[in-house]
Amino acid sequence: MTEPAKKNKLGLWTSTSLVVGNMIGAGVFLMPAAMASFGSVGLLGWLFSGIGSFFLAKVFANLSKLLPHGTGGPYAYSQSGLGDFAGFLMAWGYFISNCGGLTSITISFIGAMSTFFPILITNSTIAILTGLGTIWLLTYTNSLGVVTTGKVQLVTTILKLTPLLLIAFGGLFFIKAKYFLPFNNSDGSILTAIGITGAMTMFSYMGIESATIPAGSVGDPGKVISKATILGLLIAGTVYILGSASVMGVIPANVLEHSVTPYADAAVIIYGNSAKYWVSAGVAIAAFGALNGWILVQGQVPYATAKDKLFPSPFAKLNKRGVPYFGIVINATVMSIFIAMNYRKGLVEQFKFFLLFSVLTSLIPFLFSVAAYPIIRARKKIAGGWTAALILTISAFAYTMWMIAGTGKDAIYYGFLILMLGVPLYMWLAYKKENTLKQSDKNQPV
């Protein structure tokens, strides 16, 4: 690859920042408080979900080597292994659900910024304008090219990791062992508590597939994507576990479970009163960075699908910088409508609504990709390592099914309806694709 071509590609660290940046959103800053009522057994929940996520990361890493230029990541794997309909369902559900998920991230960003600008809580018009301005600013940034987006992602990832790392490692010197007792404060067994806290924490690992999606824009994707996926998981997992341990170790559980800013409260104990402001800034940057990375994803997945004629053709159009602009503009438009329509609700109610709206359909790509892995491996005629590959497939599939079960009945119900709403669109696209092929055959010389 020539030097100019390399400069227009994502490297290891920008790809890793895409994984870390998309995984670590604003929600992680609230997790220690959410788990405090269970006791320090919650740390094992983090570890359990981290191990399950490693199985998924390994599947994606292996798939990126089998299909190194598979732009769209989970879509490319699902379509290649399971066929057009599975690929379409994955892309449709992923795009629609991410519109809802990104709306919840925008709401988190507005909530974090309210620490510095309280008017965002009291004046819904200004809050809406702030949300819309953020969405369209990052949409414009993404339209400038994947390298620009990657640079923004790398900077925001470093900035969001800074407060988390300062508390994760600084808190180790302020830990009081008595705050970790009782180990299991729930009403059930230790295994039950691990299961519940594991289900709570597993959603913090969403985004693990992010490096696979812009594969066509990654330099040496066969090597870079697999390394970035595993490295991103290790960085995020370390921050999650150490950060939660430090917060739990410096704040008593009965106080922590009522905290709305657990990391900020821990920072005040460790570094003094002014620390709460830079932690609040970290929450805002976490949301901003996650929003930036996911908007990139929202252009790439429908672009790859449209190139295979399984999504409306405008999604396959590129601007002069090689960016699939139509997808990110439609994404921003839908998000803007969501923000404007639902601001009659409070911030918390909105966040819960869009999280419920998006959660199941964001897990379907994991399930389809895992199922596709042994099929693609067989088609590539890979001879050795089948025992390990099948163990990995079964482990990752079981973990993903457990994640889906953990979303709850409402999420599964609404997620299924979202997926089925796409079936008429697939019927129309499949009909058009078939007609195009027939017309092409007629035009072939005999």
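The structure displayed is predicted, hence computed values, not measured ones.

What follows deals with the overall build of the protein. Looking only at helices and strands, one finds 20 helices and zero strands in the protein. In terms of C-alpha radius of gyration, the protein reaches 22 Å, essentially the compact-globule figure of 22 Å for 446 residues. Taking the principal axes of its C-alpha atoms as reference, the protein extends roughly 85 × 55 × 50 Å. For the protein, the residues scored as buried account for 54% of the 446 residues in total. Across the protein, the fraction of contacts at a sequence separation of at least 24, relative to all contacts at a separation of at least 6, is 83%. Accessible surface, the protein as shown: approximately 19100 Å² in total, 69% of it carbon and sulfur. For the protein, the centre of its 29 positive side-chain charges and the centre of its 12 negative side-chain charges are spaced 8 Å apart.

Applying the stated rule across the entire model yields 19 aromatic pairs. Where Phe88 meets Trp92, the ring centres are 6.4 Å apart and the plane angle is 15°; that geometry is what we call stacked. Of the two residues, Phe88 and Trp92 are both situated in helix H6 (residues 84–113); the distance of four residues between them amounts to about one turn of the helix. As far as the burial class goes, Phe88 and Trp92 line up, both buried. Seen in terms of ring centroids, Phe311 and Phe315 are 5.2 Å apart; in terms of plane orientation they differ by 65°. Their pairing is edge-to-face. A single burial state applies to Phe311 and to Phe315, both of which are buried. Here a set of aromatic residues connected by ring pairs shows up, and it is made of Phe85, Phe88, Trp92, Phe95, Phe311, Phe315, Phe326 and Tyr426. The lysine or arginine in question, Arg377, covers the ring of Trp386, its NZ or CZ lying 4.8 Å from the ring centre.

To continue, consider the layout of surface pockets. Its volume calculated, the second largest pocket comes out at about 380 Å³. Elements with a minimum of two residues in the lining of the second largest pocket: helix H9 (146–170) and helix H14 (275–307). The greatest single-element share of the lining of the second largest pocket, amounting to four residues, is contributed by H14.

We now examine the confidence of the model for the protein. Predicted confidence across the protein gives a mean pLDDT of 84, with 92% of residues reaching 70 or more. Per-residue pLDDT, averaged within each element of the protein, yields its smallest value for helix H1 (residues 3–7) (48) and its largest for helix H17 (residues 364–379) (92). Note that residues 1–5 has pLDDT below 50 and, in this model, four contacts with residues that lie over four places away or in other chains.

Checked against the element boundaries, Thr212 lands in the loop between helix H10 (190–201) and helix H11 (221–250). The exposure class of Thr212 is buried, given its relative accessible area of 0%. Within polar-contact distance, the side chain of Thr212 engages the backbone oxygen of Glu209 at 2.6 Å. Apart from residues no more than four positions distant in its own chain, Thr212 is found in contact with Phe60, Gly70, Gly72, Gly73, Pro74, Tyr77, Ile225 and Thr229.

So, about helix H19 (residues 409–421). Along an α-helix, a turn takes 3.6 residues, which lines up residues three or four apart on a common side. In a regular helix each residue adds 1.5 Å, so 13 residues correspond to 18 Å; H19 covers 19 Å between its end C-alpha atoms and thus fits that length. Among the residues making up H19, those that are buried are Ala411, Gly415, Ile418 and Leu419. What you see down the axis of H19 is that its buried residues fit within an arc of 95°, all on one side. Exposed side chains of H19 directed beyond 90 degrees from the buried face belong to Lys409 and Leu421.

With that out of the way, let us pick up a positive patch on the surface. A cluster of basic side chains, namely Lys58, Lys65, Lys223 and Lys227, defines a positive patch on the protein surface. Where the positive patch is concerned, the elements lending two or more residues are helix H4 (42–66) and H11. With respect to the element layout, Lys227 can be found in helix H11. Judged by its relative accessible area of 53%, Lys227 falls in the exposed class.

Right, let's talk about a nonpolar patch on the surface for a bit. Together, Leu165, Phe169, Leu172, Phe173, Phe174 and Ile269 give the surface a local cluster of nonpolar side chains, amounting to about 600 Å² of exposed area. By the element assignment, Phe169 lies in helix H9.

Taken N-terminus to C-terminus, the directions of H9 and H14 make an angle of 150°; their axes are 8 Å apart at the nearest point. As far as their axial angle goes, H14 and H9 are roughly antiparallel. By crossing handedness, the relation of H9 to H14 is classed as left-handed. Along its contact with H9, which presents Val146, Thr149, Val152, Gln153, Thr156, Leu159, Lys160, Pro163, Leu166 and Ile167, the element H14 presents Trp278, Val279, Gly282, Ile285, Ala286, Phe288, Gly289, Ala290, Asn292, Gly293 and Leu296. Here the residues of the contact of H9 with H14 are counted per class, giving 13 nonpolar, seven polar and one charged.

Cut-offs applied
Residues numbered from 1 in each chain as written. Predicted model: local features only at pLDDT ≥ 70, side-chain atom pairs only at ≥ 80, totals over all residues. Heavy atoms only, no water. Helix = DSSP H or I, 4+ residues; strand = E, 2+ residues; numbered from the N terminus. Rg over C-alpha atoms; globule rule 2.2 N^0.38 Å. Buried < 20%, exposed > 50% of the residue type's maximum accessible area, 1.4 Å probe, protein only. Contact = heavy atoms within 4.5 Å. Areas by Shrake-Rupley, 256 points an atom, 1.4 Å probe, with all protein chains shown as cover. Lys, Arg positive; Asp, Glu negative; His and termini not counted. Charge placed at Lys NZ, Arg CZ, Asp CG, Glu CD. Phe/Tyr/Trp six-rings, centres within 6.5 Å; stacked < 30°, edge-to-face > 60°. Lys NZ or Arg CZ within 6 Å of the ring centre and 35° of its normal. 1 Å grid on protein atoms, 1.4 Å probe; cavity = no way out; pocket = protein on both sides within 12 Å on 5 of 7 lines; lining within 4 Å. Points joined across faces, edges and corners; volume = space filled by probe spheres on them. pLDDT = per-residue confidence, 0-100. Polar contact = N/O pair within 3.5 Å; in protein donor to acceptor, adjacent residues only side chain to side chain. Expected span 1.5 Å × (residues − 1). Arc of directions from axis to C-beta. Patch = residues over 30% accessible without salt bridge, like charges linked within 9 Å, V, L, I, M, F, W, Y side chains within 5 Å. Salt bridge = Lys/Arg side-chain N within 4 Å of Asp/Glu carboxyl O. Axes fitted to C-alpha atoms, helices over the stretch in contact; angles between N-to-C directions. Parallel < 35°, antiparallel > 145°, perpendicular 65-115°, else oblique. Left-handed = near helix turned anticlockwise from the far one by under 90°. Nonpolar A, V, L, I, M, F, W, Y, C, P; charged D, E, K, R; others polar.

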